[in-house]
Each structure stands twice: as structure tokens, then as C-alpha cells.
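One-letter residues, chain by chain:
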Amino acid sequence: MQVTSKFLLRVSNKIGVLHQKLLNKLLNRSRAVVHNSIEMQFYVSNSLSSYRVKTFASKEPETLTWIESFDKDSVFWDIGANIGLYSVYAAKSKNIQVYAFEPSVFNLELLAKNIHINALSEKVRIIPIALSNCLGFNLFKMNNPVWGGALSTFGESYDQNGKDFNTTFEYTIAGVTADKAVDLLLSPKPDYIKIDVDGIEHLILEGCENILKTTKSVLVEINDNFKEQANNSEKYLLQAGLTLKKKCDLGVENQYNQLWVRNN
């Protein structure tokens, strides 16, 4: 009986080791992406992160074109960085300083790994907190708590359409305004800002009052049917002296990436 128990234990240990090796292999798969001669590597730990990497060049081509227009020695804020596709591309293609804002604990893992695998630890700085229109702790609610997941909100109960948010996972984190983040982190003001956070874009813009005064351009995802978001976002951007240059169709009804620029 004792021999049998030892044998079973050895077999169990071997199975455990093999399982761990297989799991590590699956979690650490990466895929190469080349766009405009810029070579990048991204981790594809699940089907969603794989999809994001696979559609790098086709999902939002206007965003890539916008990034390619950035001036040298500029500062880019990627608000809602997800797993870091645009942060990595901006840092590699333009050799600029990037601040990647991402509060999802699931996305933070791949964001950090993607920054590391592309040797950008000095170029891309992770800010693992939420941006909003006030300072304090609040609930970060998620609808899709997986690597590469989106559909989340901070401190509110509505989604990207202004409808009731379907929460499947939540935790309390710190939130801060963009203006306050500059003061607390002693960081330079951004020249370029991308905001894609699925619903509270207008609240983030409200907290950007000071930095918007000097920002060269903003790319923000807006749902035209979500009037509170659309109208308030327009108000804050116009007050900052920015002009709507174009709206990029995202393939979802009434949802666009709006590109706002400073003409003077």
C-alpha cells in the first residue's frame, strides 16, 4: 500500500509539472507584427488578445495614421491602453514618451509584458489607476474580466451606450483627474491624448481642463446616441480651443473616433 501511494504521488507530481509547462507555454505565446517597417511582438494569451493583435492594422487604421503624424520628442497619453498595442506602436515608431493609463488588473499583465518584450520599459510608463472628473476611491466595474477585455466603467453605472452597466466583476481602486495626475506624478503635459474607456470619456475630459489648453490633438471614442457623453465631450474640447477635424467610423452604429486638433 505504501509503494502504491508513493507511485501515485510521483505520477501526480509529473502530471502537475506537465500541466504547468503546458500552461506556461499557452500563457507566453507571442505573435510578431510588422507595420510600416516597425517590428513588434505581442503576447496572445487568449482568443481576445490574439484577435486584438491579429487585427492590429485593420481595426483602427486611422488611429495608426494619427500616431504616425506625431511630432518628435512629444508626449502621448494612451488612456484606456488595454494590452498596449498603440502605446507600443507610438513608442517604437516615433521614439516618444508614452504614458499608458490602464486600471484593469487583467490587462495590466499583458500591457507590462508587451512593453517588456519590445524593450520599451524606459519609453512607456504604466499608470495603473483610473482617470475621471474627481479624486478618490470608487468601484471599477467590468463586464468582460479577461486579458484584452474592454467594456468597463469607473464610479458610474452606465456603459458605452449610456445604458445600465452589466457588472460581472468589480473592485475598488483609486481615481484621479488628468490635471491632478500631472501634479502628483510630476509628469509633462501630453501633446497627444487618446481616450477609449467605453463610456466615461466626457468625465475624463472634464478632468483635463488645464492640460487640454496645450494639447495638440485628441482622439476620443464617442457614441453620438449617448447625448450626455457626446454633448459634454464637445463642450470641453471646444472650450480648450480644439476643433473637430474628422470622425472615423468604428463599424458600430453611431460610434466614432473623433479627432480634435488645435489649428493655431
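How each quantity is defined
- Residues numbered from 1 in each chain as written.
- Predicted model: local features only at pLDDT ≥ 70, side-chain atom pairs only at ≥ 80, totals over all residues.
- Heavy atoms only, no water.
- Pairing = 2+ DSSP bridges.
- Helix = DSSP H or I, 4+ residues; strand = E, 2+ residues; numbered from the N terminus.
- Expected span 1.5 Å × (residues − 1).
- Buried < 20%, exposed > 50% of the residue type's maximum accessible area, 1.4 Å probe, protein only.
- Patch = residues over 30% accessible without salt bridge, like charges linked within 9 Å, V, L, I, M, F, W, Y side chains within 5 Å.
- Areas by Shrake-Rupley, 256 points an atom, 1.4 Å probe, with all protein chains shown as cover.
- Salt bridge = Lys/Arg side-chain N within 4 Å of Asp/Glu carboxyl O.

A.B. asks: Which residues make up the sheet that holds strand β9 (residues 169-176), and what values do they have?
C.D. replies: Taken together, 4 strands build an open sheet; the order of strands is β6-β9-β7-β8 and the sheet is mixed. At either margin of the open sheet sits one strand with a lone partner, and together these are β6 (130-131) and β8 (152-154). With 7 bridges joining them, strand β7 (residues 136-142) and β9 adopt antiparallel strand pairing. Within β9, the position partnered with F140 by the bridge is Y171.

A.B. asks: Tell me about helix α5 (residues 105-117), residues and numbers included.
C.D. replies: Counting along an α-helix, one turn takes 3.6 residues, and residues three or four places apart therefore face a common direction. The end-to-end C-alpha separation of α5 is 19 Å, in line with the 18 Å expected for 13 residues at 1.5 Å each. Buried within α5 are the following residues: N107, L108, L110, L111, K113, N114 and I115. Positive backbone phi, approximately 55°, marks A119, located one or two places after α5.

A.B. asks: Can you explain a nonpolar patch on the surface? Please cite residues and give values.
C.D. replies: A cluster of nonpolar side chains, contributed by L135, L184 and L185, occupies part of the molecular surface with about 320 Å² of accessible area. Considering the arrangement of structural elements, one finds L135 in the loop between β6 and β7.

A.B. asks: Let's hear about helix α4 (residues 85-94): which residues, and what values?
C.D. replies: Most of α4 is tucked away: 7 of the 10 residues are buried. The complete set of buried residues in α4 reads L85, Y86, S87, V88, Y89, A90 and A91. Looking at the residues trailing α4, positive phi occurs at N95, about 55°.

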